[in-house]
Amino acid sequence: MTDPRALLDDLLELLVVPSFTRFGYLTRQRLFDWEPAESWSLAGRTVVITGPTSGLGRETAGSLARMGARLILLGRDLEKLERTAGELRTDSPPEAGNAIVVADMSSMSSVRIAADRILATEPRSDIVIDNAGAIFPSREETDDGFERTFATMVAGPFVLVARLLPRLLESPDPRLVAVTSGGQYTQSLPLQDLGYREGTYDGPRAYARAKRAQVALVREWARRFHDQGLTANAMHPGWADTPGLAASLPGFRELMGGALRSAAEGADT
C-alpha cells in the first residue's frame with residue numbers, strides 16, 4: 001500500500017511552488033518527523049565543502065562543525081575563508097578543527113592544486129559537498145576555454161571529485177553531495193553546445209543548464225562507484241533567501257518575499 005505521506009510529497013513536487021517554498025520545508029518536516037540533523041555526530045569525519053563562506057554553504061558548514069566534523073573549507077577569497085574558519089572554531093570541538101584551501105572552481109589548474117594539497121595534508125576525506133555556484137550576467141570564457149558557469153559548477157567539481165575519489169573511497173562510508181537547483185527542470189542539456197556559444201546568452205539559463213549537467217554527473221558517480229560504497233546524491237535546498245539570490249535574482253526575491261526558506265532551512269533540507 002502506498003504511503004499517503006509519499007503521495008502528498010509527490011503532489012507538492014508536481015505543483016512546484018508549494019514544494020520549493022518554506023511551506024514545503026515545514027510540511028515535509030512534519031510529515032516525515034525529521035529529527036534535527038545536529039542530533040547526529042560526525043566526530044572523526046572529514047568534510048570537504050566548496051563555497052562555505054556565505055548562504056547555504058555557510059549554514060551547512062556551521063551545522064557540520066557543531067556535529068563535530070573536521071572541515072576543509074574551499075573557496076576563492078582567502079579573507080572570507082579565514083573569517084569563516086575562525087567563526088566555525090567557536091562552534092566545533094577543539095579536536096575537530098578546520099583547514100582552508102584557496103581555489104577558484106572555474107580554473108582547472110587551481111582545482112587540481114587545491115585537490116593535491118588536500119590529499120597531501122589530510123589523511124582522510126569522508127564527504128565532499130559540491131556547493132559553490134554563481135550566475136553571471138554575461139558570457140565569460142575561462143583560460144581553459146570553458147564558459148564560466150559550466151566551468152564553476154560542472155568541470156571544476158568534476159576535477160575535484162575525480163582527484164579526491166581514491167581517498168574518498170577509503171572512507172568506511174564515503175558521501176558525495178551536490179547542491180543543485182530546481183531551475184534544472186526547465187532546461188534540457190544541449191550536448192552540442194555546452195559552452196553556450198549558440199543563441200543569446202542568458203545567465204539564469206546557463207545556471208540551469210549547468211545544474212542539469214551537475215545532476216547527470218552525480219547520477220553517473222553513483223552508478224559507477226556504488227559497488228565501492230559511494231553514496232552520491234544531488235539535493236535541492238528549495239528557494240532559499242541567500243545573498244546569492246538577492247544579487248542575482250532580486251525581482252524573484254521580492255516577488256516571493258516571506259515564502260522563501262531561510263538559508264538554514266535550505267541547508268537542513
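One can find the structure itself at the top, above this paragraph.
Residues numbered from 1 in each chain as written. Predicted model: local features only at pLDDT ≥ 70, side-chain atom pairs only at ≥ 80, totals over all residues. Heavy atoms only, no water.

As for the overall build of the protein
Working step 1: Of regular secondary structure, the protein possesses eleven helices and six strands.
Working step 2: Computed over the C-alpha atoms, the radius of gyration of the protein is 18 Å, within 12% of the 18 Å expected from 2.2 N^0.38 for a compact globule of 269 residues.
Working step 3: Expressed as lengths along the three principal axes of its C-alpha atoms, the size of the protein is roughly 45 × 45 × 40 Å.
Working step 4: For the protein, the residues scored as buried account for 46% of the 269 residues in total.
Working step 5: Long-range pairs, those at least 24 residues apart, make up 70% of the contacts in the protein with a sequence separation of at least 6. (Helix = DSSP H or I, 4+ residues; strand = E, 2+ residues; numbered from the N terminus. Rg over C-alpha atoms; globule rule 2.2 N^0.38 Å. Buried < 20%, exposed > 50% of the residue type's maximum accessible area, 1.4 Å probe, protein only. Contact = heavy atoms within 4.5 Å.)

Some words on the packing of aromatic side chains
Working step 1: The final tally for this structure, using the stated rule, is eight aromatic pairs.
Working step 2: The side chain of R209 reaches across the aromatic face of Y196, ending 4.2 Å from its centre. (Phe/Tyr/Trp six-rings, centres within 6.5 Å; stacked < 30°, edge-to-face > 60°. Lys NZ or Arg CZ within 6 Å of the ring centre and 35° of its normal.)

Structural notes on the pattern of salt bridges
Working step 1: A complete count under the given rule lists 18 salt bridges for this structure.
Working step 2: The shortest N-O distance in the salt bridge between R66 and E38 comes to 3.0 Å. Placement of the pair is R66 in helix 4 (residues 55–66) and E38 in the loop between helix 3 (22–31) and strand 1 (46–50), with a sequence separation of 28 residues.
Working step 3: On the basis of relative accessible area, R66 is assigned to the partly exposed category, the value being 39%.
Working step 4: Counted as one network, the salt bridges with shared partners bring together D9, E13 and R28. (Salt bridge = Lys/Arg side-chain N within 4 Å of Asp/Glu carboxyl O.)

Digging into the sheet that holds strand 2 (residues 70–75)
Working step 1: Spatially, 3-2-1-4-5-6 is the arrangement adopted by the six strands of the open sheet, whose pairing is parallel. Pairing within the sheet leaves two strands with one partner each, and these edge strands are strand 3 (98–102) and strand 6 (231–235). Averaged over all adjacent pairs, the angle separating strand axes in this sheet is 15°, with direction ignored.
Working step 2: Pairing of strand 1 with strand 2, which is carried by five bridges, proceeds in the parallel orientation. Each bridged residue has a counterpart across the sheet, and for V48 the counterpart in strand 2 is I72.
Working step 3: Strand contacts of helix 5 (residues 78–89): strand 2 and strand 3, with the helix running at about 170° to strand 3, the strand carrying the most contacts.
Working step 4: Against the sheet, helix 8 (residues 203–225) makes contact with strand 4 (127–130), strand 5 (175–179) and strand 6, and its axis sits at roughly 160° relative to strand 6, the strand it touches most. (Pairing = 2+ DSSP bridges. Axes fitted to C-alpha atoms, helices over the stretch in contact; angles between N-to-C directions.)

Concerning the nonpolar core
Working step 1: Within the largest apolar cluster, 35 residues are counted, with the highest numbers of intra-cluster contacts made by L74, W221 and L230.
Working step 2: Elements with a contribution of two residues or more to this core: strand 2, strand 3, helix 6 (108–121), helix 7 (148–168), strand 5 and helix 8.
Working step 3: Looking at which element gives the most residues to this core, the answer is helix 7, with eleven residues.
Working step 4: Among residues more than four places away in sequence, those in contact with L74 are I49, T50, G51, P52, L81, V101, A103, M105, A114, I118 and L160.
Working step 5: With 20 residues, the next largest nonpolar core counts L56, L71, I127 and I129 among its residues. (Core = buried A, V, L, I, M, F, W, Y, C linked by side-chain atoms within 4.5 Å.)

Concerning the pairing of strand 5
Working step 1: Sheet analysis places strand 4 next to strand 5, joined by four bridges and oriented parallel. Across the sheet, I127 pairs through a bridge with R175, a residue of strand 5.
Working step 2: In this region the chain leaves strand 4, passes through helix 7 and returns to the parallel neighbour strand 5; the handedness of that crossover is right-handed.
Working step 3: Pairing of strand 5 with strand 6, which is carried by five bridges, proceeds in the parallel orientation. The partner of V177 across the bridge, within strand 6, is N233.
Working step 4: Once the chain exits strand 5 it traverses helix 8 before rejoining the sheet at strand 6, and the crossover so formed is right-handed. (Right-handed = clockwise from strand over helix to strand, strands pointing away.)

Details of the packing of helix 1 (residues 4–15) against helix 3
Working step 1: Two elements in contact, helix 1 and helix 3, have axes separated by 11 Å at closest approach and are oriented at 170°. Between helix 1 and helix 3, the interaxial angle falls into the category roughly antiparallel. Of helix 3, the residues touching helix 1 (which contributes R5, L8, D9, L12 and E13) are F23, T27, R28 and L31.
Working step 2: Residues belonging to the contact of helix 1 with helix 3 are distributed by class as follows: four nonpolar, one polar and four charged. (Parallel < 35°, antiparallel > 145°, perpendicular 65-115°, else oblique. Nonpolar A, V, L, I, M, F, W, Y, C, P; charged D, E, K, R; others polar.)

Structural notes on the pairing of strand 3
Working step 1: Among the five residues of strand 3, four are classified as buried, and the element is accordingly described as predominantly covered.
Working step 2: Read as a crossover between parallel neighbours, the route from strand 2 over helix 5 to strand 3 is right-handed.

Comments concerning helix 8
Working step 1: Taking 1.5 Å as the rise per residue, helix 8 with 23 residues should run 33 Å; its terminal C-alpha atoms sit 33 Å apart, in good agreement.
Working step 2: For helix 8, the complete set of buried residues consists of G203, A206, A208, R209, A210, K211, A213, Q214, V215, V218, W221 and F225.
Working step 3: Next to the buried residues of helix 8 lie strand 4, helix 7, strand 5 and strand 6.
Working step 4: Two or three places before R205, at the start of helix 8, stands the capping residue D202, its side-chain oxygen 2.9 Å from that residue's backbone nitrogen. (Expected span 1.5 Å × (residues − 1). Polar contact = N/O pair within 3.5 Å; in protein donor to acceptor, adjacent residues only side chain to side chain.)

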